[in-house]
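# Fold and geometry: a report
One letter stands for each residue in the lines below.
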Amino acid sequence: MDNREEFLRAVREQAERAASELLETARLEEGDFFVVGCSSSEVAGSRIGTDSSPEVAEAIVDGLYPVLERRGVYLAAQCCEHLNRALICLLYTSDAADD
């Protein structure tokens, strides 16, 4: 395993632990939203907006999503300032908001 793979695995594991701890602390329940706003550049050790990485973003989501899915909590991601910091989520969550 090379350094990049090890780094991505560590990011995934840290995201999983962080989600688990936050779910317990915040007492989120089924149907709640978990909003994530972070910079893949910063996670990779660079200045915000200078080293965007789909691989780092994927590792973060891969760590968060299974934890949230088990609890029935929806993941929403906050976009960068170039997209007006909009929140995005999977389409099926819009049905939950109508309930």
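Residues numbered from 1 in each chain as written. Predicted model: local features only at pLDDT ≥ 70, side-chain atom pairs only at ≥ 80, totals over all residues. Heavy atoms only, no water.

## Side note on the side chain of serine 39
Within the element layout of this structure, serine 39 appears in the loop between strand S1 (33–36) and helix H2 (40–43). According to the relative accessible area criterion, serine 39 is buried, its value standing at 11%. In contact with serine 39, not counting residues within four places along its chain, are Ile48 and Gly49. (Helix = DSSP H or I, 4+ residues; strand = E, 2+ residues; numbered from the N terminus. Buried < 20%, exposed > 50% of the residue type's maximum accessible area, 1.4 Å probe, protein only. Contact = heavy atoms within 4.5 Å.)

## Topic: the environment of proline 54
Checked against the element boundaries, proline 54 lands in helix H3 (residues 54–71). Classification of proline 54 by relative accessible area gives exposed; the value is 60%. Taking the C-alpha atoms as reference, proline 54 lies 7.7 Å from serine 40; in sequence the two are 14 residues apart.

## A few points about unusual backbone geometry
Notably, arginine 27 is not glycine yet its phi reads approximately 55°, a positive angle. Here arginine 27 shows up in the loop between helix H1 (3–26) and S1.

## Regarding a nonpolar patch on the surface
On the surface, Phe33, Val35 and Leu87 cluster together to form a nonpolar patch covering roughly 270 Å² of accessible area. On the basis of relative accessible area, phenylalanine 33 is assigned to the partly exposed category, the value being 37%. (Patch = residues over 30% accessible without salt bridge, like charges linked within 9 Å, V, L, I, M, F, W, Y side chains within 5 Å. Areas by Shrake-Rupley, 256 points an atom, 1.4 Å probe, with all protein chains shown as cover. Salt bridge = Lys/Arg side-chain N within 4 Å of Asp/Glu carboxyl O.)

## Describing the side chain of serine 53
Mapping serine 53 onto the fold places it in the loop between H2 and H3. For serine 53, a relative accessible area of 6% translates into the label buried. If sequence neighbours within four positions are ignored, serine 53 has contacts with Arg4 and Ser40.

## With respect to the pattern of salt bridges
Within this structure, the stated rule accounts for two salt bridges. When the shortest N-O distance is used, the salt bridge between arginine 9 and glutamate 13 registers 3.6 Å. On the criterion of helical spacing, the pair formed by arginine 9 and glutamate 13 is a turn pair, its members being four residues apart in helix H1. In this structure, glutamate 24 engages arginine 71 in a salt bridge whose closest nitrogen and oxygen atoms are separated by 2.9 Å. Taken together, the residues span a long stretch of sequence, with glutamate 24 in helix H1 and arginine 71 in helix H3 at a distance of 47 residues. The class for glutamate 24 is exposed, based on a relative accessible area of 54%.

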